[in-house]
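Fold and geometry: a report
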Amino acid sequence: MSLLRWIVWLGCAILLLMPAIGRTAATAATPHASSAAGLLEVKHEVKGNDVFIECFAAQFPFRKGNGGGHINVYINGQKMTEVYTAAFVVRGLPSGKHVIRLELAYNDGKMTGMAHEFDVEIP
């Protein structure tokens, strides 16, 4: 193989491996990947005394265990539970107005800084 062909082949190989090398280095340097834009998007719907909630945060690991994360659910300022799925239901709220706050956290206790708060009216 001529020197020119070898250099071209080596250059192509490096270009093909660069994305994988960069991704590995970024993952190793940052144990908690954040959402692409750091945003937590939330949709909710009230049905009777229940609130159906669906969350979206790009690249956030909704799961139990090491490397995972959860949603801290607050109702009227009081922490009610931790949820490990992106969609869930808050059941049995009493009649009246309530403030629901959702905060994303990693299971090792590190907070992401992503949160969403909204009001609901239960008939």
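For the structure, check the block above.
The shown structure was predicted, so the numbers you read here are calculated from the model rather than taken from an experiment. (Residues numbered from 1 in each chain as written. Predicted model: local features only at pLDDT ≥ 70, side-chain atom pairs only at ≥ 80, totals over all residues. Heavy atoms only, no water.)

1. Focus: the overall build of the protein chain
Counting its secondary structure elements, the protein chain contains one helix and seven strands. In the protein chain, of all internal contacts separated by at least 6 residues, the share reaching a separation of at least 24 is 53%. A total accessible area of about 8,100 Å² is found for the protein chain, and carbon and sulfur atoms account for 60% of it. (Helix = DSSP H or I, 4+ residues; strand = E, 2+ residues; numbered from the N terminus. Contact = heavy atoms within 4.5 Å. Areas by Shrake-Rupley, 256 points an atom, 1.4 Å probe, with all protein chains shown as cover.)

2. Things to note about the environment of Asn-76
Among the secondary structure elements, Asn-76 is positioned in the loop between strand S3 (69-75) and strand S4 (78-83). Asn-76 gets classed as partly exposed once you look at its relative accessible area, which sits at 45%. Between the C-alpha atoms of Asn-76 and Lys-97, which are 21 residues apart in sequence, the distance is 9.2 Å. A distance of 3.0 Å separates polar atoms of two side chains, one belonging to Asn-76 and the other to His-98. (Buried < 20%, exposed > 50% of the residue type's maximum accessible area, 1.4 Å probe, protein only. Polar contact = N/O pair within 3.5 Å; in protein donor to acceptor, adjacent residues only side chain to side chain.)

3. Considering the pairing of S3
Along S3, six of the seven residues are buried, which leaves the element largely enclosed by surrounding structure. Bridging between S3 and strand S6 (residues 96-106) involves seven bridges; their strand directions are antiparallel. Across the sheet, Val-73 pairs through a bridge with Leu-102, a residue of S6. Judged from the five bridges that link them, S3 and S4 form a sheet pairing that is antiparallel. Residue Tyr-74 lies in a different strand from S4, and its bridge partner there is Lys-79. Connecting the antiparallel pair S3 and S4 is a turn made up of two residues, with Asn-76 showing a positive phi of about 55°. (Pairing = 2+ DSSP bridges.)

4. Here's the deal with the nonpolar core
Residues Val-51, Ile-53, Cys-55, Ile-71, Phe-88, Ile-100 and Leu-102 are the most contacted members of the largest nonpolar core, which totals 23 residues. Elements represented by at least two residues in this core include exactly strand S2 (50-56), S3, strand S5 (87-90), S6 and strand S7 (111-122). Ignoring any residue separated from it by four or fewer positions in sequence, one finds Ile-71 in contact with Cys-55, Phe-62, Thr-81, Glu-82, Val-83, Thr-85, Phe-88, Leu-102, Glu-103 and Leu-104. (Core = buried A, V, L, I, M, F, W, Y, C linked by side-chain atoms within 4.5 Å.)

5. Thoughts on the packing of aromatic side chains
Working definition: an aromatic ring pair is given by the centre-to-centre distance plus the angle between the planes. Taken as a whole and judged by the stated rule, the model has two aromatic pairs. Here Phe-60 and Phe-62 contribute two aromatic rings whose centre-to-centre distance is 4.9 Å and whose plane-to-plane angle is 70°, an arrangement assigned as edge-to-face. Centroid distance Phe-60 to Tyr-106: 5.4 Å. Interplanar angle 40°. Geometry classified as tilted. In this pair, Phe-60 is assigned in the loop between S2 and S3 and Tyr-106 in strand S6, connecting sequence segments 46 residues apart. Classification of Phe-60 as buried rests on a relative accessible area of 7%. Taking the ring centre of Phe-52 as reference, the NZ or CZ of Lys-47 above it sits at 4.9 Å. (Phe/Tyr/Trp six-rings, centres within 6.5 Å; stacked < 30°, edge-to-face > 60°. Lys NZ or Arg CZ within 6 Å of the ring centre and 35° of its normal.)

6. Points about the sheet that holds S4
Spatially, four strands are ordered S4-S3-S6-S7 in an open sheet, and the strand pairing comes out antiparallel. This sheet does not close on itself; its edge strands, each paired only once, are S4 and S7. Within this sheet the neighbouring strands show an average axis-to-axis angle of 20°, counted without direction. (Axes fitted to C-alpha atoms, helices over the stretch in contact; angles between N-to-C directions.)

7. Concerning the environment of Phe-52
Structurally, Phe-52 can be placed in strand S2. Along the backbone, Phe-52 and Val-89 are 37 residues apart, and their C-alpha atoms lie at a distance of 4.5 Å. Not counting residues up to four positions away in its chain, the partners in contact with Phe-52 are Lys-43, His-44, Glu-45, Lys-47, Phe-88 and Val-89.

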